[in-house]
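Residues per chain, in single letters:
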Amino acid sequence: MEAATALRLVLQILLLIMREFVCSSTGAPHHHLVSCLESAKEALLDFKTGLDDPENQLFSWKGNNCCRWVGIRCDNTTGAVSAINLHCSDPDNGSKLGGRIRPSITKLKSLTHVDFSFCSFDDIPIPEFFGSFENLKYLNLSKAGFRGTIPSNLGNLSTLQYLDVGSISSSSLVVDNFEWVAGLVSLKHLAMNRVNISIVGLDWIRILNRLPFLTELHMSSCGLSGPLPSHTFLNFTSLAVLDLSGNLFNSKIPDSLANVSSMVDVDMSDSSLYGRIPLGLAELPNLEFLSLYRNFNLTASCSQLFKGKWERIQVLDLSINKVHGKIPASIGNMKFLTYLDLSVNDVEGGIPSAIGKLCNLEFVDITSNKLDGTLPEFLRGTRNCLSNLKILHLFNNQLGGELPEWFGELESLVSLNLESNLLHGPIPASLGSLQNLVDLSLSWNKLNGTLPHSLGQLSKLSTFDVSSNNLTGLVTETHFQKLGKLKSLDLSSNSFTLNINSNWVPPFQLEGLGMGSCHFGTSFPTWFKSQKKVTYLDFSNAGISGFIPDWFWEISSNLHSLNISFNKLEGQLPSAFNIGYLADVDFSSNLFVGSVPYPINFIMLLDLSNNKFFGPIPENLSQSVPPLSFLFLSNNQINGEIPASIFSKSSTLSVIVFSNNNLTGRIPSNIGNCTSLRVIDLSNNNLSGKIPVLLGQLSSLEILQLSDNKLSGEIPQTFSNLSSLGTLDLGENKLTGEIPQWIGEGFETLKILNLRTNSFFGELPASLSNLSSLQVLDVTENQLNGSIPASSGDFKAMTKVQRNITSVNLGRGGRYYEEKLVVTTKGQVLTFTKTLSLVVSLQLSENNLSGEIPPELTKLLGLLVLNLSGNHISGAIPESISMLKQLQSLDFSSNRLSGPIPQSMPSLSFLQYLNLSNNDFSGTIPFKDQMTTFEASSFAGNPRLCGAPLVLTCHVDDNNGNSSKGWKSSDLNDNNFVDTWFFLSIGLGFAAGLLVPFFLMTIITSWSDAYFGLVNNVFERIALFTYRMRRAMP
């Protein structure tokens, strides 16, 4: 027992000795045997008086032997202080050593090592007296809070081997003269990250080439610019580490870099480099790290680049550039590769099976490329060679084929992201064996089949996303059996049917849940009641009916995104509902009734459209407005005026859609104060009065739809400021005045201009042709006069076929604004929504336009709809009409057009609707090809037209096709002669019918007596019959 007590005492003494040994120095042996000089102690104590030490880090700075103080190291022989290491180890600690550096430190003449990195020196300049330390070899002042110009007398430190003056921000430290660096002739390591060196131009290259021992150069984010000369790295024969990232060189990579055989680590990322990546970099024998990411314009062919040796490369980051071509099988020779990032490039083809030879590979990211091949069915190399792979990201490509079974062999895999590809087939059950998997994202593919039950065994899974596929089948509790760490689950946009017991308690606490388009049954899922941490919820299009349960509003306060749209939910929502702060809320397309609800907290998006809400827009809604960006109230039964209070407090309101309601009154003028507005849709209401001139202040406005109201007055001149406008829809109102000339000026992005069914008068401005993006122009049913300007053929966007479906991205959770427009086409009034961006239409009908159809209109090769009906247009249809190959609907009816129908019109193979009725066309209808699809009504009201499909036939009289209607000429060279004899023969026949009986009765008297006696007898009988009938009437 006593022996054990003695042993414990000895051990305690040894521990005390060891602690004293460790604490008395910064690592040099036997410093506890050395006593510091008195002068050094006094200098250090004076130096301490200038420091702020909120955490009492210098608690040991007391006693006579300063060599035992924290951060101090002394020479073993002389006792002179040789090192001060006050490095603040926790950069995020706000209570760091700081204050001011007193000049007493210069008395320590033997200093070779000074480290004040990550301290906080109150934005003071680097002291000039640092340049007096003649023996200094190591100086680290990085991120220590210094500010101002770096003193040039640091160049006096001729023995300095390590210098780091890196700054926290690029505005803190500045170098105005780089010449002093040339004095650091012993320098091996130079770090000046985030020091502003922009003023020195390219001098830094010349000066650094004079430092023969330089092995590490760190000049990231220094404001360096200008093209790098080809000889930039010519004399850097010892350089091993180069970091020039975050600069603005606007240069090619100098070929001389590929000649620095000592190079180990190169980072020139985000430096505005362009041109070819030198292939010689692959031949550098010691290169282990190469990062050229985010230069945007660096190019290389994969087949050439990966042919190189890359003997020791471990990290290769070429992301966000223009690397192109297919990845060759030779990539399998890069045996030390651990990290490969080729994301956001133009890489094509598939993934070569040789990737299976890279046994050290841990990270692969080839997202956002043009990969259009398949994933290899089998891997080359030894079995389980990819067992170290942790990250595999291939999303946003066009990869096809099925998911390979070897995915199940990637036993270290932590993250697998293959979303946004064209993958099909089933999800392999082998994925359930990846016990380290944390993130699984397979969304936006064409995967089919059912969800493997084995996925329920992934006990570390945190993110599980298979949304937007073609998956089917039942989802049961088994699929989630061991997913206790699951935080995000997204099964939306498939055809799953949830077969889950109403009493089920999930093993997880989700933060995000997406089940849109899953089939829940008819009632709100009761198992969701246990999820107390959900911030994102999507139950849209899930077939849920009935009422929202009361318990839902008890947990809704956590939700920052709620989407229960496209169900059959009914009843009234709470007039003031509880939701998370700055949430997105979508109740649209249900059967909710009652007054318009509003949230208690500030929110970002509120969509109540397509319900049965009624009554006025509540004034209380303005309480939620300050951060509100998107407000959708369309397709309800809301009435009353628009509250001006909605627009009085909001500076963030971006989209308001109140269309298809019963709103009345004027548009509030203060709507013009919401300068962030991008979309305003107040169409199909009963709004009246003039359009507020303050709308012209909304310089960000892209869509303005005010159609189908009772607005009056003229278009405000302030609209000329709406330079971002893409759609201006003022149709079906009571607007008057001339169409302003300025509409054709400054609207480079205007695609849709709808002024139909108003009372505009005057001529169509020729300046409209300056609208280079215009695809739809509709001025139907106005009082316009004059001729169609020849410049109408200059609508640039109408000369092209529109093939891209585009929408206005609202930038909120992938939400797009679905624009609508009424277009008269194919004899019908149609509403276009999703395909509106494909419509190219010119509609000038029902006006008083005159003159001829300008041939220039046939340059609008992208036109789908052309309607000039109901005007006074004369002349012939231009023969070049056949150039409009895309035309689907053509209406020239009710004009004064004449001449033949062009023989080229049957070549309009897409034409589905044609109306040439009520004009003065003549000759034969060219009834062949596409023209045979039209009935007689398309040509009615043209009395001089003949031929099919009309009843009136044409007789072709010569080889030139001359024809007449219903008869045949005997003389093709004298039509006047034919007409004369035709009418003469009719006259002779009529005369003969009257005169021949008269002469016969004059010559033969008996015939005359008999004839007139008969006539007299007939008249007497008629008179007698009439007399008797009158007598018989009462």
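Residues numbered from 1 in each chain as written. Predicted model: local features only at pLDDT ≥ 70, side-chain atom pairs only at ≥ 80, totals over all residues. Heavy atoms only, no water.

Novice: Can you lay out the pairing of strand β56 (residues 783-787) for me, pointing to particular residues and giving the numbers?
Specialist: Because side chains alternate across β56, one face comprises the buried residues Leu 784 and Gly 786, and the other comprises Gln 783, Asn 785 and Ser 787, none of which is buried. Where strand β54 (residues 759-763) lies against β56, three bridges are found, and the strand directions are parallel. Residue pairing in the sheet places Phe 761 in a bridge with Gln 783 of β56. (Buried < 20%, exposed > 50% of the residue type's maximum accessible area, 1.4 Å probe, protein only. Helix = DSSP H or I, 4+ residues; strand = E, 2+ residues; numbered from the N terminus. Pairing = 2+ DSSP bridges.)

Novice: Go over the pairing of strand β41 (residues 603-607), please, and point to the residues and values.
Specialist: The buried fraction of β41 amounts to five of the five residues, a majority that puts the element mostly inside the structure. Of the pairings in the sheet, the one linking strand β38 (residues 583-586) to β41 comprises four bridges and is parallel in character. Counted as the bridge partner of Asp 586 is Asp 607 from β41. Note that β41 and strand β43 (residues 630-632) share three bridges and pair parallel. When the sheet's bridge partners are listed, Leu 606 is paired in β43 with Leu 631.

Novice: Give a detailed account of empty space enclosed by the protein, specifying residues and quantitative values.
Specialist: In the structure shown here, the tally under the stated rule is three cavities of 30 Å³ or more. Around the largest cavity, the lining residues are Ile 351, Ile 355, Leu 361, Val 364, Leu 375, Leu 386, Leu 389, Leu 392, Leu 394, Trp 406 and Phe 407. Of the residues assigned to the lining of the largest cavity, the class counts are 11 nonpolar, no polar and no charged. (1 Å grid on protein atoms, 1.4 Å probe; cavity = no way out; pocket = protein on both sides within 12 Å on 5 of 7 lines; lining within 4 Å. Points joined across faces, edges and corners; volume = space filled by probe spheres on them. Nonpolar A, V, L, I, M, F, W, Y, C, P; charged D, E, K, R; others polar.)

Novice: An account of the nonpolar core is requested, with residue identities and associated values reported.
Specialist: Grouped together as the largest cluster of nonpolar side chains are 268 residues, with contacts concentrated most on Phe 116, Phe 178 and Leu 208. Setting aside residues no more than four positions away along its own chain, Phe 178 makes contact with Met 192, Ile 197, Val 200, Trp 204, Ile 207, Leu 208 and Met 219. Listed in part, the eight residues of the second largest apolar core include Leu 605, Val 655, Ile 703 and Tyr 817. (Core = buried A, V, L, I, M, F, W, Y, C linked by side-chain atoms within 4.5 Å. Contact = heavy atoms within 4.5 Å.)

Novice: Run through the side chain of Ser 269, naming residues and quoting values.
Specialist: Position of Ser 269 relative to the elements: it lies in the loop between β13 (265-267) and β14 (274-276). When its relative accessible area of 4% is taken as the criterion, Ser 269 is described as buried. Dropping the residues within four chain positions of it, Ser 269 is found in contact with Ser 245, Gly 246, Ser 291, Leu 292, Tyr 293 and Asn 295.

Novice: Run through the packing of aromatic side chains, naming residues and quoting values.
Specialist: A full pass over the atoms with the stated rule returns 30 aromatic pairs. Measuring from centroid to centroid gives 6.3 Å for Trp 553 and Phe 577, while their planes differ by 45 degrees, and the two rings are tilted. Taken together, the residues Trp 553 in helix α5 (residues 552-555) and Phe 577 in strand β37 (residues 576-577) connect sequence positions 24 residues apart. For the pair Trp 553 and Phe 577, one class covers both residues: buried. (Phe/Tyr/Trp six-rings, centres within 6.5 Å; stacked < 30°, edge-to-face > 60°.)

Novice: Describe the sheet that holds strand β31 (residues 495-498), and please don't skip the residues or the numbers.
Specialist: Note: strands within a sheet are paired through backbone hydrogen bonds, in either parallel or antiparallel orientation. Sheet architecture is open: four strands sit in the order β25-β27-β29-β31, paired in parallel fashion. The sheet terminates laterally at β25 (424-425) and β31, the two strands that pair on one side only. The pairing of strand β29 (residues 470-475) with β31 spans four bridges and is parallel. Residue pairing across strands places Thr 472 opposite Ser 495, the latter belonging to β31.

Novice: Can you tell me about the sheet that holds strand β16 (residues 297-301), naming the residues and giving the values?
Specialist: With respect to topology, five strands assemble into an open sheet ordered β14-β16-β18-β20-β22, the strand pairing being parallel. Sheet topology places β14 and β22 (370-371) at the edges, where each strand pairs with a single neighbour. Pairing geometry for β16 and strand β18 (residues 322-326), over three bridges, is parallel. Among the inter-strand pairings, Thr 299 is bridged to a residue of β18, identified as Lys 322.

Novice: Please give an account of the pattern of salt bridges that cites residues and values.
Specialist: One pass over the full model with this rule turns up 12 salt bridges. With its nearest N and O atoms 3.0 Å apart, the salt bridge here joins Arg 102 to Asp 46. Of this pair, Arg 102 sits in the loop between β4 (98-99) and β5 (113-115) while Asp 46 sits in helix α2 (residues 38-49), and the two are 56 residues apart along the sequence. For Arg 102, a relative accessible area of 35% translates into the label partly exposed. Asp 46 gets classed as partly exposed once you look at its relative accessible area, which sits at 27%. Across the pair Asp 346 and Lys 370 runs a salt bridge whose closest N-O atoms are separated by 3.9 Å. (Salt bridge = Lys/Arg side-chain N within 4 Å of Asp/Glu carboxyl O.)

Novice: Explain the confidence of the model for the protein to me, using residue names and the numbers behind them.
Specialist: Of all residues in the protein, 86% attain a pLDDT of 70 or more, and the chain-wide mean is 88. Between residues 1-32, whose pLDDT stays under 50, and residues either more than four places distant or in other chains, the model counts 24 contacts. Low pLDDT, under 50, characterises residues 1022-1034; the stretch is placed with zero contacts to residues that sit more than four places away or in other chains. (pLDDT = per-residue confidence, 0-100.)

Novice: So what's going on with the side chain of Ser 917? Which residues, and what values?
Specialist: Of note, Ser 917 is situated in the loop between β67 (913-915) and β68 (920-924). On the basis of relative accessibility, which here comes to 8%, the residue Ser 917 falls in the buried class. Apart from residues no more than four positions distant in its own chain, Ser 917 is found in contact with Ser 893, Ser 894, Ser 937, Ser 938, Phe 939, Ala 940 and Asn 942.

Novice: Lay out unusual backbone geometry in plain terms, naming residues and giving numbers.
Specialist: With an omega dihedral of 10 degrees, the bond running from Ala 948 to Pro 949 counts as a cis peptide bond. Tracing the backbone shows Pro 949 in the loop between β69 (944-946) and β70 (954-956). One non-glycine residue with positive phi stands out, namely Ser 589, at about 55 degrees. Mapped onto the elements of the fold, Ser 589 is located in the loop between β38 and β39 (591-594). You will see that Thr 757, though not glycine, has its phi angle at about 55 degrees, which is positive. With respect to the secondary-structure elements, Thr 757 resides in the loop between β53 (752-754) and β54. Thr 757 gets classed as partly exposed once you look at its relative accessible area, which sits at 24%.

Novice: Could you give an account of the environment of Gly 449, with specific residues and numbers?
Specialist: Looking at where Gly 449 falls in the secondary structure, it is placed in strand β27 (residues 446-449). Residue classification places Gly 449 among the partly exposed residues on the basis of a relative accessible area of 28%. Residues Gly 449 and Leu 471, 22 residues apart in the sequence, show an inter-C-alpha distance of 5.3 Å. Other than its neighbours up to four places away in sequence, Gly 449 contacts Asn 470, Leu 471 and Thr 472.

Novice: Now, about the state of the cysteines: what can you tell me, with residues and values included?
Specialist: Applying the stated criterion across every chain, the model contains four disulfides. Two residues, Cys 359 and Cys 385, share a disulfide whose sulfurs are 1.7 Å apart. Across the disulfide from Cys 359 to Cys 385, rotation about the S-S bond amounts to roughly -115 degrees, and the bridge is consequently left-handed. One end of the pair, Cys 359, is in the loop between β20 (346-349) and β21 (363-365); the other, Cys 385, is in the loop between β22 and β23 (391-393), and 26 residues separate them in sequence. Each sulfur in the disulfide pair Cys 946 and Cys 954 lies 1.5 Å from the other. Here Cys 946 and Cys 954 share a disulfide; its torsion about the S-S bond, 125 degrees, makes the bridge right-handed. (Disulfide = S-S within 2.5 Å.)

Novice: Which residues make up a nonpolar patch on the surface, and what values do they have?
Specialist: A contiguous nonpolar surface patch, about 270 Å² in accessible area, is contributed by Tyr 581, Leu 582 and Phe 602. Relative to the helices and strands, Tyr 581 is located in the loop between β37 and β38. Given a relative accessible area of 49%, Tyr 581 falls into the partly exposed group. (Patch = residues over 30% accessible without salt bridge, like charges linked within 9 Å, V, L, I, M, F, W, Y side chains within 5 Å. Areas by Shrake-Rupley, 256 points an atom, 1.4 Å probe, with all protein chains shown as cover.)

Novice: Give me the lowdown on α2, citing residues and values where you can.
Specialist: Between the first and last C-alpha of α2 there are 17 Å, a value that for 12 residues agrees with the 16 Å anticipated at 1.5 Å per step. If you check which residues of α2 are buried, you get Ala 40, Lys 41, Ala 43, Leu 44 and Phe 47. The arc that holds the buried residues of α2, viewed along the axis, is 165 degrees, so those residues lie on one side. Where α2 is buried, its residues meet β1 (51-52), β2 (72-74) and β3 (81-85). (Expected span 1.5 Å × (residues − 1). Arc of directions from axis to C-beta.)

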